[in-house]
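Now for the letters of each chain:
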Amino acid sequence: MQRKIIHIDCDCYYAALEERDFAELRGKPVAVGGTGPRSVLATCNYIARQYGVRSAMPSSMALARCPGLIIRPARFEVYRSVSQQIRAILNQYTDKIEPLSLDEAYIDVSDSSWFSGSATLLAEHIRQQIYQQLGIRVSAGVAPNKYLAKIASDWNKPNGLFVVEPSSVPGFVMDLPVQRVSGIGQKFAEKLAAMGIKTCGDLQKWSLPRLVQLYGKSGVWLYQRARGIDERDVGRQGAAKSMTVEHTYETNLETLQQSEQEVQALYRKLSDRLSDKTTPPLKSILLKVRYADFKTQTIERNWALSIANFQRLLRVKAPRSEQSIRLLGLGVRFANETPASQLSLWPND
Ligand SMILES: [Mg+2]
């Protein structure tokens, strides 16, 4: 059966809510984040982006690029409550909803009879309804699967709609740059480019046995994505694939001892989050380190969840200790995940 999946993604969500709620911000470059010397931005609006400001950029760098930038502290209670309102709107049309974050969700409308079964008209209707009721601009992508729907929602951003019809899938993926494939990070894209693979069309020239030989299970995944195939269901509960906590330090961590202390603090935070919910079985634990020169490394092992094991991961990374550390992150990956994770070890943003 041909599925119809819509991916809904709010446009610079946090910043959009600041502009919605504070009229004096409209028409100005606005970001949400911290203003301390080591703070980073969570997000920024499109006016700020014209100055080269980006999500996850240090606030000091953002202000250097855009001196008029207004940086607002995050108001997560508001972001969460509007997210629930968006969820309630989506729920009017289907109960097959998989939230990815506060401002993003997949819905499966394969069985929907709204608009005579047109997912395109339904997606446009939902975009209008969210704007009229909540004052938030939303982009949407419509496609036969989650992978293509997510790419499609980004295609005409902001405030856009893009549809990948089942019949246009082969043509669409042919020219699709591999870094558009969720799970192919920048480093892996560079490796593929070195092999002459820049688009999914290029990737299609590699046989399944060859890809499996090179990348194991992920080879199957690559083979499918190159052809626009993705059979993952839209999960009603939005089963989390991983959970991570991280911190950017006001002052770089200079010694292993300092880093070990911070790993302890982060471990407590991670444990708190994990005990919030019934935790599925874990597949691996991860440690992320960003050094003073902004180089970032992630290490993942299928070790049990324990403070001692995170300290072990830290010591694997410690030999590079001529560099002080500006960010540490701890995470776990749940066992119910696709092999895609083997290529991109940490969620991008
Ligand atoms: Mg968004």
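All figures in this text were calculated on a predicted structure; none of them were measured in a lab.

Peer 1: Can you lay out the packing of helix H4 (residues 76-91) against helix H5 (residues 119-134) for me, pointing to particular residues and giving the numbers?
Peer 2: H5 packs onto H4 with a crossing angle of 140° between their chain directions and a minimal axis gap of 11 Å. By the angle class used here, H4 and H5 are oblique. As for how H4 packs across H5, the hand of that crossing is right-handed. From H4, Val82, Gln85, Ile86, Ile89 and Leu90 reach across to H5, where they touch Ile126, Gln129, Ile130, Gln133 and Leu134.

Peer 1: Explain the coordination of the magnesium ion residue by residue, including any values.
Peer 2: Protein-derived ligands of the magnesium ion are Asp9 (OD), Cys10 (O) and Asp103 (OD), with the metal-ligand distances lying across 2.2 to 2.4 Å. Expressed as a motif, the donor residue spacing for the magnesium ion is D-C-x92-D. Pair noted here: Asp9 is in strand S1 (residues 5-10) and Asp103 is in the loop between strand S5 (97-101) and strand S6 (104-108), with a separation of 94 residues, a long-range link. Assessed through its relative accessible area of 17%, Asp103 is described here as buried.

Peer 1: Residue-level account of the domain arrangement of the protein, with values.
Peer 2: Domain boundaries assigned for the protein yield domain 1 (5-12 + 77-167), domain 2 (14-76), domain 3 (170-226) and domain 4 (242-342). Each of domain 1 and domain 2 has a C-alpha centre, and these two points are 25 Å apart. Taken together, the contact pairs 13 residues of domain 1 with 17 residues of domain 2. When the buried surface of domain 1 facing domain 2 is broken down by residue, Cys12, Val78 and Tyr79 rank first, second and third, together holding 57% of it. Between domain 1 and domain 2 we count zero salt bridges in total. The element that contributes the greatest number of residues to the side of domain 1 that touches domain 2 is H4, accounting for five residues. For the side of domain 1 that touches domain 2, a count of residues per class yields eight nonpolar, one polar and four charged.

Peer 1: I'd like a rundown of the environment of Leu41, residues and numbers included.
Peer 2: Inspection of the secondary structure puts Leu41 in strand S3 (residues 41-44). In this structure, the C-alpha to C-alpha distance between Leu41 and Gly235, residues 194 residues apart in sequence, is 30 Å.

Criteria and cut-off values
Residues numbered from 1 in each chain as written. Predicted model: local features only at pLDDT ≥ 70, side-chain atom pairs only at ≥ 80, totals over all residues. Heavy atoms only, no water. Axes fitted to C-alpha atoms, helices over the stretch in contact; angles between N-to-C directions. Helix = DSSP H or I, 4+ residues; strand = E, 2+ residues; numbered from the N terminus. Parallel < 35°, antiparallel > 145°, perpendicular 65-115°, else oblique. Left-handed = near helix turned anticlockwise from the far one by under 90°. Contact = heavy atoms within 4.5 Å. Donors = N, O, S within 2.8 Å, 3.2 Å for Na, K, Ca; no water. Buried < 20%, exposed > 50% of the residue type's maximum accessible area, 1.4 Å probe, protein only. Domains from an automatic or database assignment. Buried area = accessible area lost by both parts, 1.4 Å probe. Salt bridge = Lys/Arg side-chain N within 4 Å of Asp/Glu carboxyl O. Nonpolar A, V, L, I, M, F, W, Y, C, P; charged D, E, K, R; others polar.

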